[in-house]
Amino acid sequence: MSILQHPPSPSAACLLAEHCIAPALQELYTAALEVAPAEATQRAVYHCNRAACSLRLARHAEVVTDCSHALELDPTYGKALMRRAAAYEALDDLEHALLDFDKVGCMPAVTSVGQDGQGTPAHASGMPLASRSPAWFGPPSRPQVRPPA
């Protein structure tokens, strides 16, 4: 029986692609880190991008490690703070998650300049407010269940 006879559902195909692509990307970012000079400014980006792959694979401890490396190189890297906070939350380390979320909230807003030369208000991560979505912050958190009063 081949995949052509019984193709996966669209959601299964996306899941399969994600679990195939994310590890491959992790390997590429690892290779980039191995050859990048220690003083290269891109190292923080490579660590943070590798953390994004780990986040998609629910490898939260790896996310914390990579984002921490990125933040050692660039303490103002908002994406690294947000990804690390999401990983801490998934690990149920809410104290550290809150600390990182608070740091992002205290960062000055930056402006990104588009192709038209116009500035766009942006989050401290550099991601324009209009293009941010809840998916960017990582996996959804578990709903809070309050005991009956």
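In this text the structure is predicted, and so the values were computed from the model without any measurement.

About the criteria used
Residues numbered from 1 in each chain as written. Predicted model: local features only at pLDDT ≥ 70, side-chain atom pairs only at ≥ 80, totals over all residues. Heavy atoms only, no water. Axes fitted to C-alpha atoms, helices over the stretch in contact; angles between N-to-C directions. Helix = DSSP H or I, 4+ residues; strand = E, 2+ residues; numbered from the N terminus. Parallel < 35°, antiparallel > 145°, perpendicular 65-115°, else oblique. Left-handed = near helix turned anticlockwise from the far one by under 90°. Contact = heavy atoms within 4.5 Å. Nonpolar A, V, L, I, M, F, W, Y, C, P; charged D, E, K, R; others polar. Salt bridge = Lys/Arg side-chain N within 4 Å of Asp/Glu carboxyl O. Buried < 20%, exposed > 50% of the residue type's maximum accessible area, 1.4 Å probe, protein only. Disulfide = S-S within 2.5 Å. Patch = residues over 30% accessible without salt bridge, like charges linked within 9 Å, V, L, I, M, F, W, Y side chains within 5 Å. Areas by Shrake-Rupley, 256 points an atom, 1.4 Å probe, with all protein chains shown as cover. Core = buried A, V, L, I, M, F, W, Y, C linked by side-chain atoms within 4.5 Å.

Caption draft 1: Representation of the packing of helix 4 (residues 78-90) against helix 5 (residues 94-106) within the structure. Two elements in contact, helix 4 and helix 5, have axes separated by 8 Å at closest approach and are oriented at 160 degrees. In terms of orientation, helix 4 lies roughly antiparallel with respect to helix 5. For helix 4 against helix 5, the interelement crossing comes out left-handed. Contact with helix 4, carried on its side by Gly78, Leu81, Met82, Arg84, Ala85, Ala86, Tyr88 and Glu89, involves Leu94, His96, Ala97, Asp100, Phe101, Lys103 and Val104 of helix 5 and no other residues of that element. Here the residues of the contact of helix 4 with helix 5 are counted per class, giving nine nonpolar, two polar and four charged.

Caption draft 2: Highlighting the pattern of salt bridges. A complete count under the given rule lists three salt bridges for this structure. As a salt-bridge pair, Arg50 and Asp66 come within 2.7 Å of each other at their nearest N and O atoms. Taken as a pair, Arg50 in helix 2 (residues 42-56) and Asp66 in helix 3 (residues 60-73) lie far apart in primary sequence, 16 residues in all. The class for Arg50 is buried, based on a relative accessible area of 17%. Lys103 is paired through a salt bridge with Asp100; the nearest N and O atoms lie 3.9 Å apart. Placement of both Lys103 and Asp100 in helix 5 is noted, with a separation of three residues, approximately one turn of the helix. A single network of salt bridges, built from pairs that share partners, joins Arg84, Asp100 and Lys103.

Caption draft 3: Structural context of the state of the cysteines. Taken as a whole and assessed by the stated rule, the structure comprises zero disulfides. Considering cysteine sulfurs only, Cys67 is the nearest to Cys48, which forms no disulfide, with 4.9 Å between them.

Caption draft 4: Focus on a nonpolar patch on the surface. On the surface, Ile21, Leu25 and Leu28 cluster together into a nonpolar patch covering about 270 Å² of accessible area. Relative accessible area serves as the criterion here: at 56%, Leu28 is assigned to the exposed category.

Caption draft 5: Broad picture of the nonpolar core. Val63, Ala70, Tyr77 and Ala80 are the most contacted members of the largest nonpolar core, which totals 18 residues. Mapped onto this core, the elements with two or more residues apiece are helix 2, helix 3, helix 4 and helix 5. Those residues in contact with Ala70 that lie beyond four places of it in its chain are Ala44, His47, Cys48, Tyr77 and Ala80.

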